[in-house]
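Residues per chain, in single letters:
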Amino acid sequence: MSTPTLSRTDLGDRISELASAAPVKRRKHLWRSRTGSVLRHVLLIAGCIVMIYPLLWMLGSSFKPTEDIFKDLSLVPRRWDFSNYSTGWNALTYQFGKYLLNSFAIVMGCLIGNLVSCTMAAYAFARLKFRGRGIWFAVMLVTIMLPIHVIIVPRYVMFRQLDWVNTFWPLIVPSLLATDAFFIFLMVQFFRGIPMELEEAARLDGCGHPRIFLRIMLPLSVPALATVAIFTFIWTWNDFFSQLVFLTSDDVKSAPLALRLFLDSSSGSSWGPMFAMSIVTIIPIFLIFLFGQKYLVRGIATTGIK
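Asks: What exactly am I supposed to notice about the overall build of the protein chain here?
Replies: Of regular secondary structure, the protein chain possesses 13 helices and zero strands. In the protein chain, buried positions account for 37% of the 306 residues. Across the protein chain, every contact between residues at least 6 apart in sequence was considered, and the portion connecting residues at least 24 apart equals 70%. For the protein chain, the computed accessible surface area is about 19,100 Å², with 67% contributed by carbon and sulfur atoms.

Quick look at the structure:
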């Protein structure tokens, strides 16, 4: 049975058809990829607008008179009232700056405590060999699943007996004892990614665990340490429940508790000043996230958390 053959003319026509069809397919592929890219960007922009709208509305409401806040839902005020900031700053028992300083004191205590205690505990789990290490590591991971509402009552009873209620110590001391298992786990994952050859070389030079920890592990762990610091700052700054339980006097209340004082169930609430002070309270978190975003992404990416 003979196979069909193409003449030179038919072969040339076939090559011309394929050559002319290739640009068409390429254009279709480019059009589809560009269309998909545009749709993705449109969806991302729409999602960003939905998420950022409440913040923009609160920013605009901080410049509105209180009686116009819930009548005028536009982002741009029709009547500008810049006195909300000065009124909110001086509306409470103390100036709002005192509550911001209280929050900074709590945050700095928790930040230093987590950086010191959690990194030391993580180094022990990652590098030291001791009896029951796997069991204690599993117990530590189990504590991540415990909500704060489970341990708040026994913690309150304990600190009440120590006469620490209405002070900053109940909020700072737990961080000094490495009670945040998430940060320990994060640092353990990072330490395990550091090559053992560096530690072995340091041992040959006569370094013990303290010098290895201080001279090798910590300098290489800057991204993970920055991640711990950023998360600690944001979570502690925004904490309301724990601070509500342990801080009762006005002179030790933090900024989130001070914002609650603007609301009154029996009389009119000062919405304008409260929104103004809310914007002031958000500024530190915004700055921390703005300047620490690259360290946050790098720290999460290098800890092996999937």
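Asks: I tried to follow unusual backbone geometry on my own but got confused; where do I start?
Replies: Apart from glycine, the bulk of residues carry a negative phi angle, and the bulk of peptide bonds sit in the trans form. A positive phi angle, near 60 degrees, is found at Asp163, a position not held by glycine. By the element assignment, Asp163 lies in the loop between helix H5 (148–161) and helix H6 (169–176). Judged by its relative accessible area of 63%, Asp163 is exposed. Phi is positive for Ala178, close to 55 degrees, though the residue is something other than glycine. Here Ala178 falls in the buried class, since its relative accessible area comes to 19%.

Asks: Could you clarify how one ought to interpret the packing of aromatic side chains in this entry?
Replies: Note on aromatic pairs: each is described by the distance of the centres and the angle between the planes. Throughout the structure, instances matching the rule amount to 26 aromatic pairs. Between Phe125 and Phe130 the ring centres are 6.2 Å apart and the planes differ by 50 degrees, which places this aromatic pair in the tilted class. Judged by relative accessible area, which is 12%, Phe125 ranks as buried. We classify Phe130 as partly exposed; its relative accessible area is 34%. Aromatic rings pair up to connect Tyr156, Phe159, Trp164, Trp169 and Phe246 into one cluster. The lysine or arginine in question, Lys98, covers the ring of Tyr94, its NZ or CZ lying 5.5 Å from the ring centre.

Asks: Where do I start with the pattern of salt bridges in this structure?
Replies: Should their charged atoms come close, side chains of opposite charge can pair. A complete count under the given rule lists five salt bridges for this structure. Between Lys253 and Asp250 there is a salt bridge, and its shortest N-O distance comes to 3.5 Å. Here Asp250 falls in the partly exposed class, since its relative accessible area comes to 27%. Several salt bridges converge on common partners, so that one network encompasses Glu67, Asp68 and Arg79.

Asks: Sorry if this is basic, but what is going on with the nonpolar core here?
Replies: Counting 52 residues, the largest nonpolar core has Phe96, Ile184, Met187 and Phe191 as its most contacted members. When residues of this core are traced back to their parent elements, those giving at least two are helix H1 (8–61), helix H3 (96–127), helix H4 (133–142), helix H7 (181–192), helix H9 (209–220), helix H10 (222–238), helix H12 (255–260) and helix H13 (271–302). The element that contributes the greatest number of residues to this core is H3, accounting for 10 residues. Residues contacting Phe96, with those up to four places away along its chain left out, are Gly88, Trp89, Ala255, Ala258, Leu259, Phe262, Met277 and Thr281. Among the nonpolar cores identified, the runner-up in size contains 10 residues, and Ile106, Cys110, Ile152 and Phe246 belong to it.

Asks: Help me understand the environment of Ala178 in this model?
Replies: Relative to the helices and strands, Ala178 resides in the loop between H6 and H7. Each C-alpha atom of the pair Ala178 and Leu115 lies 9.0 Å from the other, and the pair is 63 residues apart in sequence. Contact partners of Ala178, with chain neighbours within four places excluded, come to Ser117, Cys118, Ala121 and Ile184.

Asks: Explain the side chain of Thr236 to me, please; I cannot follow it from the model alone.
Replies: Here Thr236 shows up in helix H10. A relative accessible area of 13% means that Thr236 is categorised as buried. Beyond its immediate chain neighbours, meaning those up to four positions away, Thr236 contacts Ile106, Val107, Cys110 and Gln243.

Asks: Looking at this structure, how should I read the layout of surface pockets?
Replies: To find leftover empty space, one rolls a probe the size of a water molecule over the atoms. In this model, the largest pocket occupies a volume close to 780 Å³. If you trace the largest pocket, you find 26 residues lining it, with Ile148, Arg155, Thr179, Asp180 and Ser242 closest to the centre. At the level of secondary structure, the elements contributing two or more residues to the lining of the largest pocket comprise H3, H5, H6, H7, H10 and helix H11 (241–246). Here the residues of the lining of the largest pocket sort into 15 nonpolar, eight polar and three charged.

Asks: Can you help me understand the side chain of Glu199 in this one?
Replies: By the element assignment, Glu199 lies in helix H8 (residues 196–204). The class of Glu199 is buried, set by a relative accessible area of 4%. Not counting chain neighbours up to four residues away, the residues in contact with Glu199 comprise Tyr123, Arg127, His209, Ile212 and Met217.

Each value, and the rule that gives it
Residues numbered from 1 in each chain as written. Predicted model: local features only at pLDDT ≥ 70, side-chain atom pairs only at ≥ 80, totals over all residues. Heavy atoms only, no water. Helix = DSSP H or I, 4+ residues; strand = E, 2+ residues; numbered from the N terminus. Buried < 20%, exposed > 50% of the residue type's maximum accessible area, 1.4 Å probe, protein only. Contact = heavy atoms within 4.5 Å. Areas by Shrake-Rupley, 256 points an atom, 1.4 Å probe, with all protein chains shown as cover. Phe/Tyr/Trp six-rings, centres within 6.5 Å; stacked < 30°, edge-to-face > 60°. Lys NZ or Arg CZ within 6 Å of the ring centre and 35° of its normal. Salt bridge = Lys/Arg side-chain N within 4 Å of Asp/Glu carboxyl O. Core = buried A, V, L, I, M, F, W, Y, C linked by side-chain atoms within 4.5 Å. 1 Å grid on protein atoms, 1.4 Å probe; cavity = no way out; pocket = protein on both sides within 12 Å on 5 of 7 lines; lining within 4 Å. Points joined across faces, edges and corners; volume = space filled by probe spheres on them. Nonpolar A, V, L, I, M, F, W, Y, C, P; charged D, E, K, R; others polar.

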